[in-house]
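Per-entry structural report
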Number of protein chains: 2
Amino acid sequence: MPAAGLDEEIEDQIARLEEKAGKRFGDPDDPLLVSVRSGAAVSMPGMMDSILNVGLNDVSVGGLARSTGNEGFARDCYRRLIQMFGETVDGVSHDRFSPDDTVEHAREVYVAETGREFPQDAREQLRRAIVAVFESWNSPRAQVYRRTYEIPDDIGTAVNVVQMVFGNKGDTSATGVCFTRNPSTGEQGVYGEYLVNAQGEDVVAGIRTPQPVEEMAKRLPEAYEQLLETMARLEHHYRDMQDIEFTVEERHLYLLQTRSAKRTAAAALKAAVDMTAEGLISREEAISRIDPGQLDQLLHPMLDPKAEFEVAARGLNASPGAASGKILLDADTAVERGKGGESVILVRWETTPDDIHGLIQSKGVLTAHGGMTSHAAVVARGMGKPCVAGCEGLDIDVATKTVTLGGHTLHEGDVITIDGGTGRVIIGEVRLVPPAINEDFETVLGWADDVRRLKVRANADNGVDSAKAREFGAQGIGLCRTEHMFFGDRLPVVQEMILASDEPGRREALERLLPFQQSDFEQIFEAMAGLPVTIRLLDPPLHEFLPPLEEATDERMRNRIKALTESNPMLGTRGCRLGIQWPEIYEMQVRAIARAAKAVPGALVEIMIPLVDFAEELRRLRALTEQVMAEEAPEIEYTCGTMIELPRAALRAGEIAEHADFFSFGTNDLTQTALGMSRDDAEGKFLTFYLEDGVIEHNPFETLDQDGVGELMRIAVDRGRAAKETIKLGICGEHGGDPKSVEFCHGLGLDYVSCSPYRVPVARLAAAQAVLKEAHRAAYVAAGG
Amino acid sequence: MPAAGLDEEIEDQIARLEEKAGKRFGDPDDPLLVSVRSGAAVSMPGMMDSILNVGLNDVSVGGLARSTGNEGFARDCYRRLIQMFGETVDGVSHDRFSPDDTVEHAREVYVAETGREFPQDAREQLRRAIVAVFESWNSPRAQVYRRTYEIPDDIGTAVNVVQMVFGNKGDTSATGVCFTRNPSTGEQGVYGEYLVNAQGEDVVAGIRTPQPVEEMAKRLPEAYEQLLETMARLEHHYRDMQDIEFTVEERHLYLLQTRSAKRTAAAALKAAVDMTAEGLISREEAISRIDPGQLDQLLHPMLDPKAEFEVAARGLNASPGAASGKILLDADTAVERGKGGESVILVRWETTPDDIHGLIQSKGVLTAHGGMTSHAAVVARGMGKPCVAGCEGLDIDVATKTVTLGGHTLHEGDVITIDGGTGRVIIGEVRLVPPAINEDFETVLGWADDVRRLKVRANADNGVDSAKAREFGAQGIGLCRTEHMFFGDRLPVVQEMILASDEPGRREALERLLPFQQSDFEQIFEAMAGLPVTIRLLDPPLHEFLPPLEEATDERMRNRIKALTESNPMLGTRGCRLGIQWPEIYEMQVRAIARAAKAVPGALVEIMIPLVDFAEELRRLRALTEQVMAEEAPEIEYTCGTMIELPRAALRAGEIAEHADFFSFGTNDLTQTALGMSRDDAEGKFLTFYLEDGVIEHNPFETLDQDGVGELMRIAVDRGRAAKETIKLGICGEHGGDPKSVEFCHGLGLDYVSCSPYRVPVARLAAAQAVLKEAHRAAYVAAGG
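All figures in this text were calculated on a predicted structure; none of them were measured in a lab.

**What to know about the overall build of chain A**
- What chain A contains, in helices and strands, is 30 helices and 31 strands.
- The dimensions of chain A, computed from C-alpha atoms along their principal axes, are 100 × 65 × 50 Å.
- Looking at chain A alone, contacts between residues at least 24 apart form 67% of all its contacts between residues at least 6 apart.
- A total of about 31,300 Å² of accessible surface is found on chain A, and carbon and sulfur atoms cover 49% of it.
- Charge centroids of chain A, computed over 82 positive and 126 negative side chains, lie 3 Å from each other.

**Some words on the pairing of strand β31 (residues 752-755) of chain A**
Residue and element names in this part refer to chain A.
- Along β31, one buried face is formed by Y752 and S754 and the opposite face, lined by V753 and C755, is buried too.
- The pairing of strand β24 (residues 455-459) with β31 spans four bridges and is classified as parallel. If you follow R457 over to β31, its bridge partner there is S754.
- Each parallel crossover has a hand, and the one from strand β30 (residues 728-731) via helix α29 (residues 739-748) to β31 is right-handed.

**Describing the pairing of strand β28 (residues 638-644) of chain B**
Residues and elements named next belong to chain B.
- The buried fraction of β28 is high, at five of seven residues.
- Note that strand β27 (residues 604-609) and β28 share five bridges and pair parallel. Across the sheet, V605 pairs through a bridge with Y638, a residue of β28.
- Note on the crossover from β27 through helix α23 (residues 615-632) to β28: the handedness is right-handed.

**Quick notes on the nonpolar core**
- Ranked by size, the top nonpolar core spans 326 residues in total, and within it A:F525, A:M713, A:L750, B:F525, B:M713 and B:L750 carry the most contacts.
- Setting aside anything within four residues of it in sequence, one finds B:M713 in contact with B:F665, B:T667, B:L670, B:L704, B:I731, B:F744, B:C745, B:L748 and B:L750.

**A short note on the packing of aromatic side chains**
- In the structure shown here, the tally under the stated rule is 14 aromatic pairs over all chains.
- Residues B:F179 and B:Y191 carry aromatic rings whose centres are separated by 6.2 Å and whose planes lie at 55 degrees to one another, so their mutual orientation is tilted. With B:F179 in strand β6 (residues 174-181) and B:Y191 in strand β7 (residues 188-196), this residue pair connects regions lying twelve residues apart in the sequence.
- B:F179 gets classed as buried once you look at its relative accessible area, which sits at 4%.
- Among the residues examined, B:Y191 registers a relative accessible area of 18% and is labelled buried.
- Geometrically, the ring pair formed by B:F686 and B:Y690 is edge-to-face, given 5.8 Å between the ring centres and 75 degrees between the ring planes. Residue B:F686 and its partner B:Y690 are both found in helix α27 (residues 679-692); the two are separated by four residues, about one turn of the helix.
- By relative accessible area, which is 0% here, B:Y690 ends up buried.
- An aromatic cluster is defined as three or more aromatic residues linked by ring pairs; in this entry it consists of A:Y78, A:F85, A:Y110 and A:F118.

Calculation notes
- Residue indices begin from 1 for each chain and proceed along its sequence in written order.
- Starting at A for chains and at 1 for ligands, labels are handed out in the order in which the entities are written.
- For a predicted model such as this one, the threshold for reporting local features is a pLDDT of at least 70, and the threshold for listing and counting side-chain atom pairs is 80 or more; totals across whole chains, interfaces and linings nevertheless cover every residue.
- For the side-chain quantities, the full set of heavy atoms in the structure was used; hydrogens and water were omitted.
- Secondary structure is summarised from DSSP: a helix means a run of H or I of at least four residues, a strand means a run of E of at least two, and numbering begins at the N terminus for each.
- The contact criterion used is simple: two residues touch if any of their non-hydrogen atoms lie within 4.5 Å.
- Areas reported as accessible are Shrake-Rupley estimates using a 1.4 Å probe. Residue values count occlusion only from the protein chains shown.
- As used throughout, the charge tally considers Lys and Arg to be positive and Asp and Glu to be negative, leaving His and the chain termini uncounted.
- For the purpose of locating charges, the reference atoms are NZ of Lys, CZ of Arg, CG of Asp and CD of Glu.
- Accessibility here uses a 1.4 Å probe with only protein chains present; expressed as a share of the type maximum, an area under 20% marks a residue as buried, one over 50% as exposed, and anything in between as partly exposed.
- When DSSP finds at least two bridges between two strands, those strands are taken to pair.
- With the strands pointing away from the viewer, any crossover whose connection runs clockwise from the first strand over the helix to the second is right-handed.
- Among the buried residues, those of types Ala, Val, Leu, Ile, Met, Phe, Trp, Tyr and Cys that are joined through side-chain atoms within 4.5 Å form a nonpolar core.
- Pairing of aromatic rings covers Phe, Tyr and Trp, the last counted by its six-membered ring, and requires centre-to-centre distances within 6.5 Å; plane angles under 30 degrees mean stacked, over 60 mean edge-to-face, and any other angle means tilted.

Here it is as structure tokens:
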């Protein structure tokens, strides 16, 4: 928001610029022109970036023409000002203007759209432009963006007012953007685009197709040399990859802006490894430089190399990764259907910041227009979503909701596949495969492993996922959910068990389930041989294994479904409450674990009892476990512990620890109970409202609620360790893969985090960064900070 | 359980008894006979009370006949031993024996039922009798009883072996039981029954109809005088009403046992008040002497004095209170249908300890046989349930499942009404009214009020309940649930509000609800003028106001129901989550409160925001409240606070306190969330199993889980008071009326408890007892204890 003394500040700045330029702002004969630019460190959709040519009016446009001897240039500047001012300050729709408008036409549109004359007073233009930049900080799109990237709302923006230089003064002038390394791959070398006789926004707006910046070498060799030299200096100075905007005015190079470049995760890794090799940064800096959340990108699926398909069209490989989904032509529909669970590809002529919510909900984006630095490309890279941009074989007819792709006509809702790594677009679905981790990735994660103290495990329920987790560096399984093994062809037997009227009946069915469970466990033990595997005994309420009432096959099943129906299943007969009432179920599971452990050399068994509230529950079920293990496999060493996933358990951790070798914080359920929030009933409903309306900052199911749930964890850690110093502590909720939450777990002194296999690399890096941040804070404190 | 040295102990005791009696145990000619009695301080169903005449056999029965010159007496003693031993030690069914049996027949039955000869060795009889008493401590019925009355399982029992005296030695002998005051009313005077020429169990078993003990004055005047003198001495010694068993052997009085008498709440109050007046005990002792849980009895309904009905039969007024319910003839069916929610009257010839579970589930009990000290009468008084005993107009035909009542034939399932205060039995249902509190009640509660520090409020949602609460001594309303006002004729308008597609639509419906709410609040304010009324804004999820999906009247409603359906409504869009998303709802409610407060002089308003998780929720809704109150009624003073009913809120109480004038602990929901237990899904399911199987001791929804939920309360009290010293603290969960929980709240330093109107007297007394216990402990500590 502008300060009270804004007018004085403006006058000060104008006076300085006038003195330096030897021209006067608002001078009708030889006007000083200025640009107004956002000073935000990060470019942000919805934020105004810049307004150029401020200070021109009906009279001074003639003065500029005379003083430069270039009437076309002067009129081009004025036309741009009217259009840019109209769009960004007065909110005139983008499509009301065209680059081919004359000054007169642009002014007529302005008057028609705003009901006012275009402001002739240079200071009024300036003031309104400045205020508009400040206000754009709070535009809804900027807010959405900040929420997505967790940028605080209150840091605000500066506004810069600088003297104009002109890239639109003919063939010896130009404007462009470039990166010091390739923002998509991280490779060294100049990487950018420019346009002759243009002003800044032309390059990114995708209106004219820009040229690779290397071509400047031929057309503007001095400026090009100077650009290369400047880029090297800037990167060395900032010790990071730069994203630079420049203008060449009559062969002279001017820098408009430099900032740390947005980049793909692959580029971030490559740049970090290379800069370390170049001696520019240390390994610790390299580790700290990578956004762990972004690594996720590299773990997205790619097209199966063995898949056969025909490429319908090609575009720019604007953001890596592959995705299949239904074509949708506008952001609102994409949001609606994306939220409904459909896979969606947003297909647009070009995207604008208005489309940001649609991009968030889509699996990928395909545009007909725009380059590697176009809006769609930049945003998609930041989000780690596949993007194919500037696809020439794509034509869109919004009226009939059809697209033409390489000559084929498709309708909204038809499925296509895009490969943002190669720029290929395919009609229909193509099989995807998970990507291999590349060398840079391995290098940085190796450095992270040397630094981190937290161990990282994975949540996996079968041999295949366990093997994948191990490939990603998991140091064990932190949560193996046995209920997933109760579905499929085992379901009829599970149902027989549930429908049995007495214990012998249940035991008979369980007897038949045992070999299935045993073989499941054997596969997991084989994949993880030598590493610990925490197996959680049956957790969900039994009604989850029965069909809906209306599908019951007979009266007996109908009655059983009715008897098992619960008003709040989250808080019902599940977890160890099953094992206490029907010990034969847990007995069978422990027996299967024991037999599997005997069969697989190197199996390291940890048996976990879920949903404990009272120490007595764990005491009984541990006794059962010990008895069955002693019967089946007295030679197998194992540990027995519990989830801490209810507030009461966290508070009574001291008593519970007496019967537990380990605690694993089940922060999904602990969040649901501590906050009294059912995730299913909160997300998309009041919780979404809370996030949008600023009641809370983070989704507590994604980022640990440190003040509430974290406080319960702290109490449990203190009381658990006080009762049993050697108790092993971990977390197996989804928060185990969230970087902020990993840092919190490090601070709590947990022994490990456990997350989905694909998040394991993220957690490894985050755990290392937590150590570095801690050291940094310690150094700051030691220095008297 | 018998100790290892049991045999030595038996020999020691026998030697002492032989020395004193000058006879030998097992002597064939002049045998010493003993009785084996439970030494438990409380008589308990399922526990063996006594076995008499131990030491007789086929030979010594002749010796006894010779030494007493009374063969009939000797044979009577032996017949009793065989039957009693058979029933209680060997588990022979009660109905296999009859008082009319000969010795020979009793012995044949014993052999037929046990497959063994009746033991002839006196020491074997004695040892087995002792072990049987010890083992009966763990009988299922005794366990059920201990759970009901919260008697610890591990205190165990002693066994007494004493020399026999004989009430069955002819017309100058007798046996009886008597109380030092009337156990039903508390009135002073001898109160009891006796039987000439009988042994102990005859009186209570209801086999012969006993005589009032006053009649002993004529037939056994010396013994009677001695009994009166002894009763007075015992009561004075123990400073409490006594329940005495005695035997007269040839005009000599012997005391068998004395213990504090079980009594109705009315009797307890009257006795306490009288004893205080007599100078026997202090007011503080009088307060401590009353079981607050038992007061509930006095608050049970009675027959409406204005109701017209015909009395079908009369019996003894064995336990006060009235009840209507369906006739059921056996305990198991009574349990089944009682648990299913039906009102049940257990109708039996007489009850035995086998019926204890049926008594627990019934509204009342009616027996054809037995007196005021019969099993049914004693147990019903203890439970505070109505009982009419010894109803001569009642006949039962178990085979056809019919009863005859004053000549009318009724079937199982037909409804009757019993009035345990007068002994009347009526066919059909009679209107019941709540009882008035009597003078003794008022006296003791007045003393309690002088002592207690906790204030006691009531939970009430309308004017009638509020007036009742005030009559019971409530010092305000601690919880007025506004959603109860959304039903009835308001429901269609509430549904319109929910179905409205936008805010103006909702406001239009809310506008029409406002006058209803205002008038509800006016009635409550009028009833409570001068006392504070805490009004909780809307709490339940909106789908509670819509019909089930299949009853939706149109597509719009169907869609809305679907959209509002939740998987765990407890943890969904309810409480302040409604107010945050649709502020117009809370705005209307606050407006109605403001207008009502303006209209009623003496209204003291406290506005309570439910289900707060985050300080920000309360901050926003308090701001809304303040704005509306300022608009509507700037002159009205009020406070604004919140429920603490989620674990997160308890932990963040410091932040939340900044926006709250008061906290009210909503321990129902706090228990559900802290323990992860939905009450609906726990009780009757796993929680019942947990209680029966000893996993936990108390139902956490009845008695506060002090270790878990209580710990959260302690944290919230500490943090809330640290942030705001003056914050007012109360509890409005159902625990507010549970004596143990009231004591805990006193210890926590809360300002008030709030409970249902009928529990207010219970809470007043419990709050006073908490003070006395605290003082007692402090004195103990000060004395170096």
